[in-house]
Amino acid sequence: MKTFRNTLALLACLLAAPVATAATPNTSPVDNPLPIVTVHKSRYCGCCLKWVEHMRAEGFEVRVVETEDMGPVKQRVGIPPAKGSCHTAEVDGYFVEGHVPAADVKRLLAERPKARGLTVPGMPAGSPGMETPDGRVQPYTVELISPEGKASPFARHGDAR
């Protein structure tokens, strides 16, 4: 009899679980996926591959397009002169140029400003994909590029010492 009651109790718990789960807010990454990031990069660029790994580790699905001539890609998405880096990503209508941290991309997608995208011009030491053995991060600014092509600070990273 005791085994029968234990079995009934277990069965009741199993049957109740989907009802309890259905009533809770839906916050699973599977249920609320981040948009796919398409990264255009040279097949020879190691730091670009490290940035891709950073984005994947932060929950993004990333598709890589090996591109030998990055000029047409940068022109098509609207990277202003002197704001380029080694790779160009596209995500949900925005560009992400260079070693932009995933947290800043997530913020961009959450806030949805009127903009072309984000850029980290150059390749600052310590930015995602450009990590240093000693963990040092060169101060750098992630810039938001307006629809008109104007840059403004979006986020700052690194030690200003």
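You'll find the structure just up there.
Attention in this report is confined to the structure presented alongside it.

Reading guide: rules and limits
- Residues numbered from 1 in each chain as written.
- Predicted model: local features only at pLDDT ≥ 70, side-chain atom pairs only at ≥ 80, totals over all residues.
- Heavy atoms only, no water.
- Phe/Tyr/Trp six-rings, centres within 6.5 Å; stacked < 30°, edge-to-face > 60°.
- Lys NZ or Arg CZ within 6 Å of the ring centre and 35° of its normal.
- Helix = DSSP H or I, 4+ residues; strand = E, 2+ residues; numbered from the N terminus.
- Contact = heavy atoms within 4.5 Å.
- Core = buried A, V, L, I, M, F, W, Y, C linked by side-chain atoms within 4.5 Å.
- Buried < 20%, exposed > 50% of the residue type's maximum accessible area, 1.4 Å probe, protein only.

Okay, the packing of aromatic side chains next. Under the defined criterion, the tally for this structure stands at zero aromatic pairs. A cation sits over an aromatic face here: Arg107 above Phe154, 3.8 Å from the ring centre.

Inspection of the secondary structure assignment puts Ala89 in strand β3 (residues 88-91). Residues Ala89 and Val65, spaced 24 residues apart in sequence, show a C-alpha to C-alpha distance of 9.5 Å. Apart from the residues lying within four places of it in its own chain, the contact partners of Ala89 are Val37, Thr38, Val39, Trp51, Tyr94, Phe95 and Val96.

In terms of nonpolar packing, the biggest core is built from 24 residues, with Val37, Met55, Phe60, Val105 and Val142 touching the most fellow members. Listing elements by their share of this core, those giving two or more residues are β1 (37-41), α2 (46-57), β3, β4 (94-97), α4 (102-111), β6 (140-145) and β7 (151-157). With four residues, α4 is the largest single contributor of residues to this core. Setting aside its immediate chain neighbours within four residues, Val37 contacts Trp51, Met55, Phe60, Glu61, Val62, Arg63, Ala89, Glu90 and Val91.

Read these as spatial facts, not as claims about activity.
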